[in-house]
Amino acid sequence: MPKKLNLIMLVDDDHATNFANKIIIDRAGVTESVITASNGLEALDYLNQSSKDDHPSPDLILLDINMPGMNGWEFLDEYNKLSPTNQAEVVVVMLTSSMSPLDKQKAKEYGVSNFRSKPLTIEMIEEIVAENFS
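A quick note: this is a predicted structure, and the numbers were derived from the prediction, not measured. (Residues numbered from 1 in each chain as written. Predicted model: local features only at pLDDT ≥ 70, side-chain atom pairs only at ≥ 80, totals over all residues. Heavy atoms only, no water.)

What follows is about the overall build of the chain. Looking only at helices and strands, one finds six helices and five strands in the chain. Along the chain, helices and strands appear, N-terminal first, in the series β-α-β-α-β-α-α-β-α-β-α. With respect to the principal axes defined by its C-alpha atoms, the chain has extents near 35 × 30 × 30 Å. For the chain, with 134 residues in total, the buried portion stands at 46%. Considering only contacts in the chain between residues 6 or more positions apart, those separated by 24 or more positions represent 67%. Approximately 6,900 Å² of the chain is accessible, and the part contributed by carbon and sulfur atoms is 49%. Within the chain, the 21 negative side-chain charges are centred at a point lying 3 Å from the centre of the 11 positive side-chain charges. (Helix = DSSP H or I, 4+ residues; strand = E, 2+ residues; numbered from the N terminus. Buried < 20%, exposed > 50% of the residue type's maximum accessible area, 1.4 Å probe, protein only. Contact = heavy atoms within 4.5 Å. Areas by Shrake-Rupley, 256 points an atom, 1.4 Å probe, with all protein chains shown as cover. Lys, Arg positive; Asp, Glu negative; His and termini not counted. Charge placed at Lys NZ, Arg CZ, Asp CG, Glu CD.)

As structure tokens, then:
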């Protein structure tokens, strides 16, 4: 197993999903901590503060597509405008209920590392970490 990540960010408007995903990630033992954002805007606000000591940059972002306020695509539009410092070396993985081939293609065009369908499982998070952080 690769080394433990410092931080995983969950970006999803469904609080129950975030709660369940945090438990799964904790059980997998792949990270030191998990933070959540309920939409893209909250995630961007966090990332804009990540250059400060009290806001470590996430190693991995698990991003939903359909959220109010700022959806996953809008988040990616704005994320790509961030300074290299605030983008750091974050791996972005779409974790969504969408099964659309168009969404999968669009995610590739945005440079998203992977496109996974909910629900998150221990095996899935272990695969994501192994594929991107070995």
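So, about the nonpolar core. In this structure, Ile61, Leu63, Phe75 and Met94 are the most contacted members of the largest nonpolar core, which totals 24 residues. At the level of elements, strand S1 (5–11), helix H2 (40–49), strand S3 (60–63), helix H3 (72–79) and strand S4 (91–96) are the ones that each hand at least two residues to this core. Excluding residues within four positions of it along the chain, Phe75 makes contact with Gly40, Ala43, Leu44, Leu47, Ile61, Leu63 and Met70. Core analysis: the second largest hydrophobic core is formed by 18 residues, Ile25, Val30, Val34 and Val93 among them. (Core = buried A, V, L, I, M, F, W, Y, C linked by side-chain atoms within 4.5 Å.)

Glancing now at unusual backbone geometry. Between Lys118 and the following residue, Pro119, the backbone shows a cis peptide bond with an omega angle of 5°. By the element assignment, Pro119 lies in the loop between strand S5 (114–117) and helix H6 (122–133).

With that settled, the discussion passes to H3. Among the residues of H3, Gly72, Trp73, Phe75, Leu76 and Tyr79 are the ones counted as buried. End-on, the buried residues of H3 take up no more than an arc of 155°, which puts them together on one face. On its buried side, H3 packs onto H2, S3, helix H4 (84–87), S4 and helix H5 (101–110). The backbone nitrogen of Trp73 has a side-chain oxygen 2.9 Å away, supplied by the residue at the start of H3, namely Asn71. (Arc of directions from axis to C-beta. Polar contact = N/O pair within 3.5 Å; in protein donor to acceptor, adjacent residues only side chain to side chain.)

With that settled, the discussion passes to the environment of Leu120. Mapped onto the fold, Leu120 is located in the loop between S5 and H6. Taking relative accessible area as the criterion, Leu120 reaches 3% and is therefore assigned buried. The sequence separation of Leu120 and Lys3 amounts to 117 residues, and the corresponding C-alpha distance is 20 Å. Apart from residues lying up to four places away in sequence, Leu120 is in contact with Asn21, Ile24, Ile25, Leu62, Leu95 and Ile125.

This part covers the packing of aromatic side chains. Scanning the model with the defined rule gives two aromatic pairs in all. Between Trp73 and Tyr110 the ring centres are 5.5 Å apart and the planes differ by 20°, which places this aromatic pair in the stacked class. Of this pair, Trp73 sits in helix H3 while Tyr110 sits in helix H5, and the two are 37 residues apart along the sequence. The buried category is assigned to Trp73, whose relative accessible area is 9%. (Phe/Tyr/Trp six-rings, centres within 6.5 Å; stacked < 30°, edge-to-face > 60°.)

Residues of S3 alternate between two faces, with Leu60 and Leu62 on one and Ile61 and Leu63 on the opposite face, all of them buried. Here S1 runs beside S3; their pairing, made up of four bridges, is parallel. Each residue of the ladder has a partner; that of Met9, found in S3, is Ile61. Sheet topology note: the S3/S4 ladder contains four bridges and is parallel. Following the sheet pairing, Leu63 is matched in S4 by Met94. (Pairing = 2+ DSSP bridges.)

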